[in-house]
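Analysis of the macromolecular model
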Amino acid sequence: MGSDRFDVLREQVRGQVIDEGDAEYDTARTVFNGMIDRRPAAVLRVSQVADVMAAVRFARGLKIDVAIRGGGHSAPGFGTVDGGLVLDFSALRGVRVDPGARTARVEPGATWADYNHATHAFGLASTGGIIGSTGVTGLTLGGGIGYLCRKYGLACDNLVSADVVLADGSFVTASEAENVDLFWALRGGSGNFGAVTSMEFRLHPVDMVHVGIIFFDAADGVEVGRAYREWIAAEPEEMGAFLGFHQGPPVPFLPEEWHGRPVAVIAGMWTGDVDAGPRHWQPMLDAGPALGSFFAPMPYPGLNIMFDGLSGVPGLQGYWKADFLKALSDDVLRTAVGFSPGIPTVHSANHFYPIDGAVQRVAPEATAFAYRNVNFAPAIAGQWPDASDNAANIAWVRDYWAALHQYSEPGGYINFQDADDQSRIEDTLGSNYARLAELKAKYDPDNFFHINQNIKPAVPAGAASGIETRTPTEREARPAEARQNQGTPKSNPAEGASTT
Ligand SMILES: Cc1cc2nc3c(=O)[nH]c(=O)nc-3n(C[C@H](O)[C@H](O)[C@H](O)COP(=O)(O)OP(=O)(O)OC[C@H]3O[C@@H](n4cnc5c(N)ncnc54)[C@H](O)[C@@H]3O)c2cc1C
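This one's a predicted model, so the numbers in the text were calculated from it and none came from an experiment.

1. Observations regarding the nonpolar core
Of all hydrophobic cores here, the largest spans 81 residues; its most connected members are I145, L182, L186 and F193. Contact partners of F193, with chain neighbours within four places excluded, come to V164, L166, L182, A185, L186, L436, L439, K440, Y443, F449 and I455. Residues M35, L243, W270 and L328 belong to the second largest nonpolar core, which totals 38 residues.

Okay, structure coming up:
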């Protein structure tokens, strides 16, 4: 089929439809992870909800895959697809704050930098990611971990309502008042239930924060980690800070001889009385011989974009893995220290995020995000510039994860996982998986939205299913001649690989 099949779609939408014939095609098909090199049949730069409704019906008619892209940060590159249609929301980044009601209405392409900029004007914020360029919608649908978690819960815990275009092209709003089961599924079930065209969040007073960053020799990581786990558990929920292992970044407050060498880091912010910040950070300064440190009051959005030049660099090769930990045990810390010399580059991060406090005050069955009885979410985020290093660096991430996983719960945070974690989906969604599969069968019975960490629709006992429930990764296992609309072969060596 030629690209003119998309002329029908062009007549039905206001947004731009970009296909291989367009000069912008290569830009339009690109996502954050440089390892992803897929060739969609077309990219629709969505301009309004009506475009999404038309595009879903159109893609159904053509029987082509649909990928949804917000901020484009998905490590497995779920924001694009070979041979299919991409719904690219990047042109819709508006944020409307209602300061009286303390809510924000967000368009689906907004990033956390967009969001924080808009809400900070009113001295308000809610939990978002630690990097400014990550998408609000994609992060929230998976749960959403960030500095404000301990005080205000996950990003999804602050969701008030969402507008959604369902798999049949119809439009609904989900909230505690309507489509309650869909609203439940959207808070942790990732992009499985429809194309979200707007989200409304509850905001909280967060203005100036006291930022702290402290570097230690990674070799001291066990002692530092012990001090951190005691300190963070005892600190009020106004303290949001993670333990990390990095290559020393080229920042002025870390001596040059430590740039590129393995370091342990404590980083985050105190959101209570700014003047009290130094007192709250002091115990971590005393935790060992610090190599360097930075403390300063700053507006919350300033911290949100502070690490964008390190971890938020588009075009790097990327491969991620995740776990959930009840405890930051000595075994976990020894494992982290043992693997720290192999951290691929200064862009890579191994973080242990605390998810206690307000996250745990929500019951595991209250939203789709089930792992609320754990205390830490580790992310092993490998990022590097050179594709010729892929095999070695992917191996480092996998080996480290394999060593760490014995201390973990079965699942890991869905948003920190890569394509080859699809086999973990039941563990990842834990005690809520069965209900999510039932809701998938209700809202998307033929698995139209499957370019994601995919929840397969539950099949009623005894019923034979004729529907396509395989993810693209699974379909890749078929002989090439059996595939249609797949474009060039995938170049992501992480896909289709087994990790178990
Ligand atoms: C540098 C970096 C930093 C990160 N930091 C954090 C962090 O601090 N905390 C955290 O929790 N996570 C973090 N993540 C992980 C992040 O939550 C996921 O990558 C998330 O999927 C990103 O959302 P996105 O909109 O940017 O990505 P996209 O690639 O655009 O979307 C990812 C997937 O989300 C779903 N999705 C996105 N938009 C919609 C929509 N409008 N409707 C329906 N489904 C949609 C789709 O399944 C889509 O394929 C980070 C990732 C990176 C690369």
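2. A closer look at the sheet that holds strand β15 (residues 290-299)
The sheet built from seven strands is open, its strands ordered β15-β12-β14-β13-β17-β18-β16 with antiparallel pairing. In this open sheet, the two strands that pair with only one neighbour each are β15 and β16 (317-322). Within this sheet the neighbouring strands show an average axis-to-axis angle of 15°, counted without direction. Judged from the eight bridges that link them, strand β12 (residues 208-217) and strand β14 (residues 262-270) form a sheet pairing that is antiparallel. Within β14, the position partnered with G212 by the bridge is G268. Helix α8 (residues 221-234) contacts β12, β13 (239-247), β14, β17 (349-354) and β18 (376-384) of the sheet and is inclined by roughly 165° relative to β13. Contacts between helix α9 (residues 277-285) and the sheet are confined to β12, β13, β14 and β15, with β12 contributing the most and set at about 10° to the helix.

3. Here's the deal with the site of the ligand
In the vicinity of the ligand there are 34 residues, among which G70, G72, I145, V196 and Y413 approach most closely. Between an oxygen atom of the ligand and a main-chain N or O atom of G71, the distance comes to 2.9 Å. Within the backbone of V196, an N or O atom sits 2.8 Å from a nitrogen atom of the ligand. Burial of the ligand by the surrounding chains reaches 97%, relative to a free accessible area of 940 Å². Residue classes in the shell around the ligand are distributed as 16 nonpolar, 17 polar and one charged.

4. Some remarks on the domain arrangement of the protein chain
As assigned here, the protein chain comprises domain 1 (3-89), domain 2 (95-205), domain 3 (208-417) and domain 4 (424-484). Its C-alpha centre places domain 2 at a distance of 24 Å from the equivalent point of domain 3. In this assembly, 34 residues from domain 2 lie in contact with 44 residues from domain 3. Summed over both sides, the interface of domain 2 with domain 3 buries roughly 2,900 Å², with 60% coming from carbon and sulfur. Broken down residue by residue, the surface that domain 2 buries against domain 3 is led by I145, Y147 and R150, which jointly contribute 34%. On inspection of domain 2 and its partner domain 3, the count reaches three salt bridges. On inspection of domain 2 and its partner domain 3, the count reaches 20 residue pairs in polar contact (both at pLDDT 80 or more). Those elements that place two or more of their residues in the side of domain 2 that touches domain 3 are α4 (112-120), α5 (136-142), α6 (149-152) and α7 (180-186). Class assignment of the residues belonging to the side of domain 2 that touches domain 3 gives a composition of 15 nonpolar, 15 polar and four charged.

5. Examining the pattern of salt bridges
By the definition in use, this model includes 28 salt bridges. Of the charged contacts, one joins K151 and E238 as a salt bridge, the two residues approaching to 2.9 Å between their closest N and O atoms. With a gap of 87 residues between them, K151 in helix α6 and E238 in the loop between α8 and β13 connect regions that are remote in the sequence. A residue is classified by how much of its surface remains accessible, and K151, at 27% relative accessible area, is partly exposed. Note that D421 is salt-bridged to K321, the shortest N-O span being 2.9 Å.

6. Points about the sheet that holds strand β3 (residues 66-69)
The sheet built from four strands is open, its strands ordered β1-β2-β4-β3 with mixed pairing. For this open sheet the edge positions go to β1 (16-19) and β3, each flanked by a neighbour on one side alone. Strand-to-strand, the axes of this sheet are offset by a mean angle of 20°, without reference to chain direction. As paired strands, strand β2 (residues 42-45) and strand β4 (residues 85-88) are joined by four bridges and run parallel to one another.

7. Side note on α9
Those residues of α9 not exposed but buried are G277, H280, W281 and M284. Looking down the long axis of α9, one finds its buried residues gathered within 90° of arc, a one-sided arrangement. The secondary structure elements touched by the buried residues of α9 are β12, α8, β13, β14 and β15.

8. Looking at the state of the cysteines
Cysteine pairs can be linked by a disulfide, which is a covalent bond between their two sulfur atoms. In this structure the tally under the stated criterion is zero disulfides. C149 takes part in no disulfide bond, and the closest cysteine sulfur, belonging to C156, lies 9.1 Å away. Take C149: its relative accessible area is 1%, and that puts it in the buried class. According to the relative accessible area criterion, C156 is buried, its value standing at 0%.

9. Focus on the packing of aromatic side chains
According to the stated counting rule, one finds 22 aromatic pairs in the structure shown. With centroids separated by 6.2 Å and ring planes inclined at 50°, the aromatic side chains of Y228 and F376 adopt a geometry described as tilted. Placement of Y228 in helix α8 and of F376 in strand β18 is noted, with a sequence separation of 148 residues between them. On the accessibility criterion, F376 (7% relative accessible area) is buried. By the ring-pair criterion, three or more aromatic residues cluster together here, those being Y147, F242, W320, F324, Y353, F369, Y371, Y413 and F416. Across from the ring centre of W184, 4.1 Å away, lies the NZ or CZ of R435, which sits over that ring.

What counts, and where the lines are drawn
Residues numbered from 1 in each chain as written. Predicted model: local features only at pLDDT ≥ 70, side-chain atom pairs only at ≥ 80, totals over all residues. Heavy atoms only, no water. Core = buried A, V, L, I, M, F, W, Y, C linked by side-chain atoms within 4.5 Å. Buried < 20%, exposed > 50% of the residue type's maximum accessible area, 1.4 Å probe, protein only. Contact = heavy atoms within 4.5 Å. Pairing = 2+ DSSP bridges. Helix = DSSP H or I, 4+ residues; strand = E, 2+ residues; numbered from the N terminus. Axes fitted to C-alpha atoms, helices over the stretch in contact; angles between N-to-C directions. Near = heavy atom within 4 Å. Polar contact = N/O pair within 3.5 Å; in protein donor to acceptor, adjacent residues only side chain to side chain. Areas by Shrake-Rupley, 256 points an atom, 1.4 Å probe, with all protein chains shown as cover. Nonpolar A, V, L, I, M, F, W, Y, C, P; charged D, E, K, R; others polar. Domains from an automatic or database assignment. Buried area = accessible area lost by both parts, 1.4 Å probe. Salt bridge = Lys/Arg side-chain N within 4 Å of Asp/Glu carboxyl O. Arc of directions from axis to C-beta. Disulfide = S-S within 2.5 Å. Phe/Tyr/Trp six-rings, centres within 6.5 Å; stacked < 30°, edge-to-face > 60°. Lys NZ or Arg CZ within 6 Å of the ring centre and 35° of its normal.

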